[in-house]
There are 2 protein chains.
Amino acid sequence: MSIAVRHLDTSSATFEADFQRVLHWSAETDAEIETRVADILADVKARGDAAVLANTARFDRLDVADMAALELTRDELKAAFDAITPAQRHALETAARRVRSYHERQLQACGLSWRYHDEDGTLLGQKVTPLDRVGIYVPGGKAAYPSSVLMNALPAHVAGVGEIIMVVPTPGGERNPLVLAAAYVAGVSRAFTIGGAQAIAALAYGTDRIPRVDKITGPGNAYVASAKRRVFGQVGIDMIAGPSEILVLADGTTPPDWVAMDLFSQAEHDELAQSILLCPDVAYLDAVHAAMDRLIDAMPRRQVIRASLEGRGALIHTRSMEEACEISNRIAPEHLEVSSADPHRWEPLLRHAGAIFLGAYTSESLGDYCAGPNHVLPTSGTARFSSPLGVYDFQKRSSLIEVSQAGAQQLGPIAAELAYGEGLQAHAQAAEFRLQR
Amino acid sequence: MSIAVRHLDTSSATFEADFQRVLHWSAETDAEIETRVADILADVKARGDAAVLANTARFDRLDVADMAALELTRDELKAAFDAITPAQRHALETAARRVRSYHERQLQACGLSWRYHDEDGTLLGQKVTPLDRVGIYVPGGKAAYPSSVLMNALPAHVAGVGEIIMVVPTPGGERNPLVLAAAYVAGVSRAFTIGGAQAIAALAYGTDRIPRVDKITGPGNAYVASAKRRVFGQVGIDMIAGPSEILVLADGTTPPDWVAMDLFSQAEHDELAQSILLCPDVAYLDAVHAAMDRLIDAMPRRQVIRASLEGRGALIHTRSMEEACEISNRIAPEHLEVSSADPHRWEPLLRHAGAIFLGAYTSESLGDYCAGPNHVLPTSGTARFSSPLGVYDFQKRSSLIEVSQAGAQQLGPIAAELAYGEGLQAHAQAAEFRLQR
């Protein structure tokens, strides 16, 4: 049965309305989840480890005697690494090396302190320092991704974070060996088998066993998202992730099978994931649709793929590649493939995207695992204002100012004038005290 | 009457408890405010301009016929600039020039795109682009600060933001000429005399008159803070600001009057503002206290200053400057003055602070107005994980990846191995399709 994915056409009179329906996705906050999360946070704040133990028993069906049983030792992580296949070890280590290397470039490009003197001899600059301690949340259960361990922990390492605390729920006590092996490769400092709102609370407030962190990164379910939003300010958070998305801009030169599989690779994440293809060649859109129909039955996750494509996918015929770029900017996709023989012609037109994959050989999946850039990316249009997870998320900046005696004579009267204008006389006099009498 | 500011001593047995009491400040969310803000947001989302007009009439006592009456024209801003004194014009323009210049350095240091090729010929990099449109919130009423207009708008300008929308409440219709003049100098694109949660909602959702923005920056009262927290995700926000703070590390070489006035300059903001002095010389602490007692009566805002210092201030005797630095790191202050003859000896020990002011001549107030760095800084210990407002807040990054045919042969098997390990077969096959058969 052919996949009933929507075909839209920008020339159609109903395009704008159809397009809005495709885009519509609302992270409605569920009042019941909100209440339960608020209760869990308050419980962990009040009772610490006892609350972590109780909630882990309740929500993860993991009933243990004490917190020691919820901590993964370095030896356990190493044993997991030793137990996976040599091919898996090689893949994890190669991916880790490439991800580390990219983030080291990022540190050099935008993560170093700088300072200069202006003409009055005033020293100005910015000091960049790593966070002391961060928590990384790794989902467990059906969507346990070892690659996410690397993508969260390695930028923190490169930034120079002192201590990296990983939390990963193990429902029913079932541990994912690849996740543990990835934690070993990434060199996390400590790891706990806890999850949900109780894990976020423990990291944000600290307990006897679990140290309080300065920032929490990593994706999670609705409970985790709600908890992260609530502790924001108490600790830093990276972002609130929505469903994953891919947008492919195609000029019709890439084999249709390749693009079909790229659309599948997003759709297989979950039924809310979104795959959109934009192309000015209507015959090519049909060819990709035919390829999808031909390929779907061999996919183990075909039910999820079909539900995602039929529920949220779209094949959009545009008037031109330029128009396709404009539509892409309106969507601000998480992943943007420019599947074109001439990707550098279109890249400058693309203003908003989490990651841009250029050319037919650059499948999103290469970027997801091992090209080097981070796979934690802004979703749901937030690429309009936010960025991939990076070294900069694990650093903070402090302004540096040293005004010389001469500089104080230049700046003092200006500051005093503005301070008096704002009715802040102590501000003004603090500047004036530094003037030579 | 002597100012009853706390004296603490790190050698005292009760120091730790005393210190925790000084630090304790809780941004308790007020349930009534939360409910009212949720209602206002829903109202603006549903009714747009009509809700903005109704809420502005209700909360700001500004009842006008239509939205046009709530927009400030470029001519009105220019008229305000022309009407202030020449000294004020000069001060605003000098401050703007210096702030712009510092943020241009920031753009060069950490705001530019970069790319490189790895050994397989894979192009990797990061494209940095400005936000399309931002909203800046400027408080009105008793704390209307024209300097904040410069500090929010100029980094956005330097980043290359296309459109800057300013909102400033004018309770009872009373406009602050310096705020309007600063908006003229800073070159905001459009300005509206609205405030509170209704202004945040209008910027986040857009109305017929007010364009939807991508990010909202700037401080505000409890309603504004609550509204910003709620729209976070829908739009970007800068931070949730708490009371302002200064921490002075003194080695006893700065004239006590100067330090006393610096402590006053923070205390005069409001009664919750916090001023703390750390010094290993107990006689110097006494001298600063004596200076405060001598200077207080001449301060127009003496009531606020006294309430702030007696409620939240502290003079702390430390064993050494090293210990003072460690305590400063625990506090992670918004403003940190190193009032020492040898500030560069201590600066490397200071890990967490919004802005660091080095040496006796560098009063915080010079930095507040015109040294160049931003005065919008992380408060309440959030300097542990966040940074001054900067050009980077008005930019976002997109990863760039272009894998060559040769590179795809290297990366494909790695990605496929990891994807199969995660149970994501479409990811694996998308990589394998690019392998040469």
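What counts and what doesn't
- Residues numbered from 1 in each chain as written.
- Chains lettered and ligands numbered in written order.
- Predicted model: local features only at pLDDT ≥ 70, side-chain atom pairs only at ≥ 80, totals over all residues.
- Heavy atoms only, no water.
- UniProt positions renumbered as here; feature names shortened; annotations may be inferred.
- Helix = DSSP H or I, 4+ residues; strand = E, 2+ residues; numbered from the N terminus.
- Contact = heavy atoms within 4.5 Å.
- Least-squares fit on C-alpha atoms with pLDDT ≥ 70 in both.
- Pairing = 2+ DSSP bridges.
- Axes fitted to C-alpha atoms, helices over the stretch in contact; angles between N-to-C directions.
- Buried area = accessible area lost by both parts, 1.4 Å probe.
- Salt bridge = Lys/Arg side-chain N within 4 Å of Asp/Glu carboxyl O.
- Nonpolar A, V, L, I, M, F, W, Y, C, P; charged D, E, K, R; others polar.
- Phe/Tyr/Trp six-rings, centres within 6.5 Å; stacked < 30°, edge-to-face > 60°.
- Lys NZ or Arg CZ within 6 Å of the ring centre and 35° of its normal.

The name given to chain A in an unreviewed UniProt entry is Histidinol dehydrogenase, and the organism recorded there is Sphaerotilus mobilis. Its UniProt record, at the heading Sequence similarities (unreviewed entry), says of chain A: "Belongs to the histidinol dehydrogenase family." Recorded under Function (unreviewed entry), the UniProt text for chain A is reproduced unchanged: "Catalyzes the sequential NAD-dependent oxidations of L-histidinol to L-histidinaldehyde and then to L-histidine."

1. Thoughts on the UniProt feature "binding site: substrate" (unreviewed entry) in chain A
When the UniProt feature table is mapped onto this chain, "binding site: substrate" (unreviewed entry) is found at A:Ser244, A:Gln266, A:His269, A:His335, A:Asp368, A:Glu422 and A:His427. An extended arrangement is adopted by the annotated residues: their sequence extent is 184 residues, and the largest C-alpha distance between any two is 55.8 Å. In this fold, A:Gln266 is placed in helix H10 (residues 256-267). The topology assignment puts A:Glu422 in the loop between helix H16 (405-421) and helix H17 (425-433). When sequence neighbours within four positions are dropped, the list of residues in contact with A:Glu422 reads B:Ala144, B:Tyr145, B:Pro146, B:Ser147 and B:Tyr369.

2. Quick word on the relation of the copies chain A and chain B
Structural alignment of chain A on chain B gives an RMSD of 0.0 Å, achieved by rotating through 180° and translating 0.0 Å along the axis. The two molecules are tied by a two-fold rotation axis, judged by turn and shift. Using C-alpha coordinates, one finds that chain A approaches the rotation axis most closely at A:Cys110, a distance of 2.2 Å. A share of 100% of the interface residues of chain A reappears at the interface of chain B, consistent with the copies meeting face to face through the same patch.

3. Let's talk about the sheet that holds strand S1 (residues 6-9) of chain A
Spatially, S1(A)-S12(A)-S11(A)-S10(A)-S13(A)-S14(A)-S15(B)-S4(B)-S3(B) is the arrangement adopted by the nine strands of the open sheet, whose pairing is mixed. Each edge of the open sheet is held by one strand with a lone partner, namely S1 of chain A together with strand S3 (114-117) of chain B. On average, each strand axis in the sheet is tilted by 20° relative to the strand beside it, whichever way the strands run. Bridging between S3(B) and strand S4 (residues 123-130) of chain B involves four bridges; their strand directions are antiparallel. Within S4(B), the position partnered with B:Arg115 by the bridge is B:Gly125.

4. With respect to the interface of chain A and chain B
At the junction of the two partners, chain A supplies 123 residues and chain B supplies 123 residues. Together chain A and chain B conceal approximately 10800 Å² of surface at their shared face, both sides included; 58% is due to carbon and sulfur atoms. At the boundary of chain A with chain B, the tally comes to 14 salt bridges. A:Arg351 is paired through a salt bridge with B:Asp132; the nearest N and O atoms lie 3.1 Å apart. Per-element accounting of the side of chain A that touches chain B gives the leading share, 14 residues, to helix H5 (residues 86-110) of chain A. Residues that form the side of chain A that touches chain B fall into these classes: 60 nonpolar, 36 polar and 27 charged.

5. Let's talk about the packing of aromatic side chains
Enumeration over the complete set of coordinates arrives at 11 aromatic pairs over all chains. For the pair B:Trp114 and B:Tyr116, a centre-to-centre distance of 6.3 Å together with 10° between the ring planes defines the contact as stacked. Every member of this aromatic cluster is reached through a ring pair, and the members are A:Tyr102, B:Trp114 and B:Tyr116. The aromatic ring of B:Phe81 is capped on one face by B:Arg89, whose charged end is 5.9 Å from the ring centroid.

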